[in-house]
Amino acid sequence: MKQLLTYIAQSLVEHPEAVSVTQVEHSAEMVLELRVAPEDMGKVIGRQGRIAREIRALMRSVAQRQGKKVSVEIKD
């Protein structure tokens, strides 16, 4: 999961070396915290949050196939 999110984010941004994903386990679900360079934030979020929404949907779909729950948080 972490590797998939890292790959997706690195494909979208201009500074792939600045992408980092932190995995945090909560009681019922896994939270993936995505951090990118400040100038790449718009590319990950997209217009009206469309890209961020699609990334979250894709990650939920993959997690559901594995019988898990996941959420993606984009951090500053």
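Here the structure is shown first, and the text comes after it.
These numbers were taken from a predicted model, which means no experiment stands behind them.

Chemist: Tell me about the overall build of the chain, residues and numbers included.
Modeler: Along its length, the chain carries three helices and three strands. When its helices and strands are written in sequence order, the chain yields α-β-β-α-α-β. Relative to the compact-globule value of 11 Å for 76 residues, the chain shows a C-alpha radius of gyration of 12 Å, a close match. Across its three principal directions, the C-alpha atoms of the chain cover 35 × 20 × 20 Å. Intrachain contacts of the chain at a sequence separation of at least 6 include 51% that bridge at least 24 residues. Accessible surface for the chain amounts to roughly 5,000 Å². Of this, 48% is attributable to carbon and sulfur atoms.

Chemist: Go over the nonpolar core, please, and point to the residues and values.
Modeler: Membership of the largest hydrophobic core comes to 18 residues, with the highest contact counts inside it found for Met1, Leu5, Leu32, Leu34, Val36, Met59 and Val70. Looking at this core, the elements that each hand over two or more residues are α1 (2–12), β2 (30–35), α2 (41–45), α3 (50–65) and β3 (70–75). Those residues in contact with Leu5 that lie beyond four places of it in its chain are Val21, Leu32, Leu34, Ile55, Met59 and Val72.

Chemist: Describe the side chain of Glu33, listing the residues and the values that go with them.
Modeler: With respect to the helices and strands, the residue Glu33 is situated in strand β2. For Glu33, a relative accessible area of 16% corresponds to the buried category.

Chemist: Break down the sheet that holds β3 for me, with residues and values.
Modeler: Reading across the sheet, the three strands line up as β1-β2-β3 and stay open at both edges, with mixed pairing between neighbours. Single-partner strands in this sheet number two, and they are β1 (20–25) and β3. Across this sheet, the average inter-strand angle for adjacent strands is 25 degrees, counted without regard to direction. Relative to β3, β2 is paired through six bridges, and the arrangement is parallel. Paired with Met30 across the strands is Val70, a residue of β3. Where α1 meets the sheet, its contacts fall on β1, β2 and β3, and the angle it forms with β1 comes to roughly 150 degrees. Against the sheet, α3 contacts β2 and β3, and its axis sits at roughly 150 degrees relative to β3.

Definitions and cut-offs
- Residues numbered from 1 in each chain as written.
- Predicted model: local features only at pLDDT ≥ 70, side-chain atom pairs only at ≥ 80, totals over all residues.
- Heavy atoms only, no water.
- Helix = DSSP H or I, 4+ residues; strand = E, 2+ residues; numbered from the N terminus.
- Rg over C-alpha atoms; globule rule 2.2 N^0.38 Å.
- Contact = heavy atoms within 4.5 Å.
- Areas by Shrake-Rupley, 256 points an atom, 1.4 Å probe, with all protein chains shown as cover.
- Core = buried A, V, L, I, M, F, W, Y, C linked by side-chain atoms within 4.5 Å.
- Buried < 20%, exposed > 50% of the residue type's maximum accessible area, 1.4 Å probe, protein only.
- Pairing = 2+ DSSP bridges.
- Axes fitted to C-alpha atoms, helices over the stretch in contact; angles between N-to-C directions.

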